[in-house]
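A look at the structure
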Amino acid sequence: MSFFNRHKSKKSKDKKKKISKSSIKQIKKQREPIKKIINRTKHKEGNSSEWVKTGIPGMDELFEKGIPKGISTLIAGGAGSGKTIMCLQILHNAAMKGEKGIYISLEESEDRLRKHMDDFGWKAEELEKKGLIKIQRFKPFAISRQVEALLSKERGELKMNLSQLGDLIPKSFKPKWVIIDSLTALSSAFKDDEMSYRIYVEQLFRYLEGLGANSFLISETDQIPIIFSKTGVEEFLADGVIVLYNIRNRNVRENAIEVLKLRGAKHEKKIVAMQITDKGIVVYPDQEVYSEFGEGK
Amino acid sequence: MIKLLITPSEKASSSFLNAVKNSSRKNTLCVLCSKSLLLIETKVKDACKGKTCSFIDTVSESKEQNVVYIPPANLTALSIAINQTQQSFKDKSTIIFDSISGLAVRNNPNTLIKFLLFLIKKSTDWGSDLILILPEKTMPEDFIATLSSSVDKVEKRK
């Protein structure tokens, strides 16, 4: 039984666990302003003929063939669900195959991220010296100020182009893998102007599509989310959404993973167990999760 | 063979030790849910003579090499640990739970039955023997009925 069905069946038993009217209203309100973007967005059609693997033990078994090459995937989850570790691990695994990747951080410092990698034995500095990975931090407020200035110059028209903002990725570096951590930090910087944020995010997705890299964009959510991004536009623009759960069961927490959508690819449609070990994330594709999803946040 | 062994509460411990001693397989995985290994170490080591015994202790942590501690509320982690131990054995094994009702303290009966049914299926796939010891009158009747219908044999000890 899927989480949603499980949630549905629990509804009748426990009024407290219902999706409240205010949540539905919030989702509707969230979706309203993105209709324009939805209407003019064209997603890649058909099935990909090329697939990539994350290299995370057990995770690739959740996909029939792999992740379609060159798509953008949203990694959504609450605090402690393993989003950053998963993305660093993907970057490391790609680097071990000689594929270049960049980690664009809008929150944590480069040094902290390097330390995270070192904690799992992924030797960040060594990979950086070899030119296989790049960790780069941007200040989200600097981006938001630039975007708002550009948009006010264009009198609010949707004419902004990401190339006007300078490159997020150095021209000399051609990554096959791009991580953006996180869209939530970025959206916080646009706190008074959600429309500018939506325009920027749309351009960001187009930019990533143009790069042809395999992109993973992190989105911070509730522990058991009903919406997977701040404005809703992110989960629509992304070709894939992977949700990481950190569920509380009495006095312990369990990690779990779900591939919510992956355009053009077949994938498992169940929530399975995941563990954060001292060697990184391990996914157990056959292991059901016993914690009750309605129980803890 | 998947067996549910229902025993008087006071005989649960001796039933467990007998099950370990009499298991026909060399590899034995003991899942401790009511008494920690520290409390029964000498007796259990005696029962394990001539066997390769591994332990999952859900009661307390231990520094011993062949013991893994899993919090009793984390049935997913327990299931993963059983799977991993099973894979580390080269031959087929026997998995013995000292008292499944020990897990009911931290988990509701529905979740526990889900876990046990999954384990029964897995044990069948692995070709392992599974012995579930249940002290009598510690679980609801419908729990026992569901579990009884899923095992190969129900044995009641007097």
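Summary of the structure given here. (Residues numbered from 1 in each chain as written. Chains lettered and ligands numbered in written order. Predicted model: local features only at pLDDT ≥ 70, side-chain atom pairs only at ≥ 80, totals over all residues.)

**Focus: the overall build of chain B**
What chain B contains, in helices and strands, is six helices and seven strands. Projecting the C-alpha coordinates of chain B onto the three principal axes gives extents of approximately 40 × 30 × 30 Å. Burial statistics for chain B: of 158 residues in total, 42% are counted as buried. Of the contacts formed within chain B by residues at least 6 apart in sequence, a portion of 79% connects residues at least 24 apart. (Helix = DSSP H or I, 4+ residues; strand = E, 2+ residues; numbered from the N terminus. Buried ≥ 20, exposed ≤ 12 C-beta atoms within 10 Å, placed from the backbone. Contact = placed C-beta atoms within 7 Å.)

**Considering the packing of helix α1 (residues 12-22) of chain B against helix α2 (residues 37-47) of chain B**
Residues and elements named next belong to chain B. For the pair α1 and α2, the least separation of the axes is 8 Å and the interaxial angle reads 30°. Considering the angle they form, α1 stands roughly parallel to α2. Mapping the contact onto sequence places Ser13, Leu17, Val20 and Lys21 in α1 and Ile40, Lys43, Val44 and Ala47 in α2. When grouped by side-chain class, the residues that make up the contact of α1 with α2 number five nonpolar, one polar and two charged. (Axes fitted to C-alpha atoms, helices over the stretch in contact; angles between N-to-C directions. Parallel < 35°, antiparallel > 145°, perpendicular 65-115°, else oblique. Nonpolar A, V, L, I, M, F, W, Y, C, P; charged D, E, K, R; others polar.)

**Considering the interface of chain A and chain B**
Of the residues lining the interface, 14 residues belong to chain A; the matching set on chain B comes to twelve residues. Counting only elements with at least two residues in the side of chain A that touches chain B, the list comes to β9 (252-262), β10 (272-277) and β11 (280-288) of chain A. Here the side of chain A that touches chain B gets three residues from one element, more than from any other, and that element is β11 of chain A. Across the side of chain A that touches chain B, the residue classes break down as five nonpolar, five polar and four charged.

**Focus: unusual backbone geometry**
Look at the link from Asp181 of chain A to Ser182 of chain A: it is a cis peptide, with omega at 5°. As for its position among the elements, Ser182 of chain A is in the loop between β6 (177-181) and α8 (183-189). In this structure, Lys123 of chain A is a non-glycine residue whose phi angle is positive, near 35°. As for its position among the elements, Lys123 of chain A is in the loop between α5 (110-119) and α6 (124-129). With phi around 60°, Lys137 of chain B is a residue other than glycine that occupies positive phi space.

**What to know about the packing of helix α4 (residues 83-96) of chain A against α5 of chain A**
Residues and elements named next belong to chain A. In the contact formed by α4 and α5, the axes pass within 10 Å of each other and the chain directions differ by 75°. Considering their axes alone, α4 and α5 lie roughly perpendicular with respect to each other. From α4, Thr84, Ile85, Leu88 and His92 reach across to α5, where they touch Leu113, His116 and Met117. The residue inventory of the contact of α4 with α5, partitioned by class, reads four nonpolar, three polar and no charged.

**Focus on the sheet that holds β9 of chain A**
Residue and element names in this part refer to chain A. Spatial ordering of the open sheet is given by β5-β4-β6-β7-β3-β8-β9-β10-β11, a layout of nine strands whose pairing is mixed. In this open sheet, the two edge strands, each paired with only one partner strand, are β5 (133-137) and β11. If you compare each strand with its neighbour and ignore which way they point, the axes differ by 20° on average. In this structure, β9 lies alongside β10, joined through three bridges in antiparallel fashion. (Pairing = 2+ DSSP bridges.)

Shape descriptors only; they carry no functional weight alone.
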